[in-house]
Amino acid sequence: MIPLSVRALITGAFTIALGMPMGGAFAASASPVGLPADTVDPPSPQTQKDLEQSMRGEAFANASYRLYAAQAQRENLPSVARLFERTADVELGEHFKEEAALSGLVRGDAANVRAAMAGERYESQKMYPGFAQRAKAGGYSRAAARFSEIARDEGIHARAFGTALRAVQSGQGTVPAPAGRRRSRAIRCTATQMNLR
């Protein structure tokens, strides 16, 4: 079970995120991938805002339900775990995916990488440092340390996306391996290997 203070912290962070303007990875265009531009009615500003908020909710539900499923497995409740897993699949594989298509979330490769880079920069330079500062001021040093660590990770992600953007735009170069706690070596490839051309 998640301690109340951690649950409140997660809920509070999610509430703060819901109040923030969409940007970075959630930036959208008027023509959703998979639909011809002439068949798409761009959503009204309010509908776009609602789509963005609902995608946040679906993504949060997916991640939460996966954690709940793992806990149910640890408590030897496989049927409860399956319920969480299947519901998580619907939240991401159907609801989020359909809302993303309507909102125009996914665009061309360069635009997608730019959006990801902007989102990671925002998280590393503004969002997580602010969370860390507020947690420290509130006396919650464990959360402050975790937010600071995540900010550093997000900065690494932003730089990796910057490198990837140069490779996407030039059709050659080094695309960093996915960053995480364990640092991996970069992957060197050409435009053909990246299927860019």
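What you see is a predicted model, and the numbers here were worked out from it, not measured in a lab.

Student: Is there a simple way to think about the packing of helix α2 (residues 45–74) against helix α3 (residues 78–103) in this case?
Tutor: Between two packed helices, both the angle of their axes relative to each other and the distance between the axes serve to describe the pair. Between α2 and α3, the shortest axis-to-axis distance is 8 Å and the interhelical angle comes to 160°. By the criterion of interaxial angle, the relationship of α2 to α3 is roughly antiparallel. You can see that α2 and α3 cross each other, and the crossing is left-handed. Residue composition of the contact of α2 with α3, grouped by class: 17 nonpolar, seven polar and six charged.

Student: What exactly am I supposed to notice about the packing of aromatic side chains here?
Tutor: Two numbers describe a pair of aromatic rings. These are the distance of the centres and the angle of the planes. Tallying each qualifying case throughout the model produces six aromatic pairs. Between Tyr65 and Tyr68, the aromatic rings sit 6.1 Å apart at their centres with planes inclined by 40°, giving tilted as the arrangement. You can see Tyr65 and its partner Tyr68 sitting in helix α2, three residues apart, about one turn around the helix. Seen in terms of ring centroids, Phe131 and Phe147 are 5.3 Å apart; in terms of plane orientation they differ by 55°. Their pairing is tilted. Of this pair, Phe131 sits in helix α4 (residues 109–137) while Phe147 sits in helix α5 (residues 141–170), and the two are 16 residues apart along the sequence. Using a relative accessible area of 7% as the deciding quantity, one classes Phe131 as buried. You can call Phe147 buried: its relative accessible area is 10%. Taken together, the ring pairs in this structure connect Tyr65, Tyr68 and Phe84 into an aromatic cluster.

Reading the values: the criteria
Residues numbered from 1 in each chain as written. Predicted model: local features only at pLDDT ≥ 70, side-chain atom pairs only at ≥ 80, totals over all residues. Heavy atoms only, no water. Axes fitted to C-alpha atoms, helices over the stretch in contact; angles between N-to-C directions. Helix = DSSP H or I, 4+ residues; strand = E, 2+ residues; numbered from the N terminus. Parallel < 35°, antiparallel > 145°, perpendicular 65-115°, else oblique. Left-handed = near helix turned anticlockwise from the far one by under 90°. Nonpolar A, V, L, I, M, F, W, Y, C, P; charged D, E, K, R; others polar. Phe/Tyr/Trp six-rings, centres within 6.5 Å; stacked < 30°, edge-to-face > 60°. Buried < 20%, exposed > 50% of the residue type's maximum accessible area, 1.4 Å probe, protein only.

The values are spatial; any link to function lies outside them.
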